[in-house]
Amino acid sequence: MDKGMPVSVLFTEEMGEDTSLLYCELIQRARSGESFLIRDQGCRAGAFVLGDTQISPEDYYYTSKRYRDRDAAKNAVSNLHRIAKKEGSIRIAPYSGRDFDILILFLKPERAMRLVQAFTYEDGSAVELKTGGIASVCSDCTAYPMKGKLGISPGCKGSRKHSRYPDDELVVGIPAQLARRIETALGKIPGTVE
């Protein structure tokens, strides 16, 4: 990463605190060195995606004019990656070498490309990107990687507005079970200009 530190996300049975900050804001603050143990956070879409509620953010997405009609908003919500039900809390902290479920990075496109190449190095499997431009940090780069998949997102209006990460960064979520494989391959693949 050019700025800040990778962020470690760990789902834990510990008892965390409630916060009015959005999940993507917490991730951004952790990138800058802060740590959190949260039970609930302040984003309705994030609460739905992270398994804190079954209340769909469909109305929110529709009334915010992100979609032409309610059917489009409903379809968008049905395509979100979700954690069925969260038990306990989420520990969000700068990566320090400790255990994590998901490692979140903010990368320039070229660096994200190298990470994809490192993922494909072992067996040539392609990375599948599935994003709707909403719930990027929580859905695309946390809930989707919890399924053992590499998550890459161009971001979303909410996370870019509230977290203020630069326009030239993509968000990447790496599940713990893929991290060593990617790290090893990064040391073997050719550089961009080689």
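Notes on the structure in this doc start here. (Residues numbered from 1 in each chain as written. Predicted model: local features only at pLDDT ≥ 70, side-chain atom pairs only at ≥ 80, totals over all residues. Heavy atoms only, no water.)

**Observations concerning the packing of aromatic side chains**
And then number 1: Per the stated rule, a full pass over the model turns up four aromatic pairs.
And then number 2: Ring geometry for Tyr-61 and Tyr-67: centres 6.3 Å apart, planes at 85°, overall edge-to-face. Side by side, Tyr-61 and Tyr-67 carry an identical accessibility label, which is buried.
And then number 3: On the numbers, 5.5 Å between centres and 90° between planes, the contact of Tyr-95 with Phe-100 is edge-to-face.
And then number 4: On the accessibility criterion, Tyr-95 (34% relative accessible area) is partly exposed.
And then number 5: Three or more aromatic residues joined by ring pairs form one cluster here, namely Tyr-60, Tyr-61 and Tyr-67.
And then number 6: The cationic tip of Arg-82 hangs over the ring face of Phe-48; the distance from NZ or CZ to the ring centre is 3.7 Å.
And then number 7: Here the guanidinium or amino end of Arg-181 rests over the ring plane of Phe-119, the centre of that ring lying 4.4 Å away. (Phe/Tyr/Trp six-rings, centres within 6.5 Å; stacked < 30°, edge-to-face > 60°. Buried < 20%, exposed > 50% of the residue type's maximum accessible area, 1.4 Å probe, protein only. Lys NZ or Arg CZ within 6 Å of the ring centre and 35° of its normal.)

**What about the pairing of strand β4 (residues 89–94)?**
And then number 1: Most of β4 sits out of view: five of its six residues are buried.
And then number 2: Bridging between strand β1 (residues 7–12) and β4 involves six bridges; their strand directions are antiparallel. Of the residues in β4, the one forming a bridge with Ser-8 is Ala-93.
And then number 3: By the bridge criterion, three bridges tie strand β3 (residues 36–40) to β4 in an arrangement that is antiparallel. Its bridge partner being in β4, Phe-36 is matched across the sheet by Ile-92. (Helix = DSSP H or I, 4+ residues; strand = E, 2+ residues; numbered from the N terminus. Pairing = 2+ DSSP bridges.)

**Observations regarding the packing of helix α1 (residues 23–31) against helix α6 (residues 136–143)**
And then number 1: Between α1 and α6, the shortest axis-to-axis distance is 8 Å and the interhelical angle comes to 70°. Of the possible angle classes, the one that applies to α1 and α6 is roughly perpendicular. The residues of α6 that touch α1, namely those facing Tyr-23, Cys-24 and Ile-27, are Val-137, Cys-138 and Thr-142.
And then number 2: Looking at the contact of α1 with α6 residue by residue, the classes come out as five nonpolar, one polar and no charged. (Axes fitted to C-alpha atoms, helices over the stretch in contact; angles between N-to-C directions. Parallel < 35°, antiparallel > 145°, perpendicular 65-115°, else oblique. Contact = heavy atoms within 4.5 Å. Nonpolar A, V, L, I, M, F, W, Y, C, P; charged D, E, K, R; others polar.)

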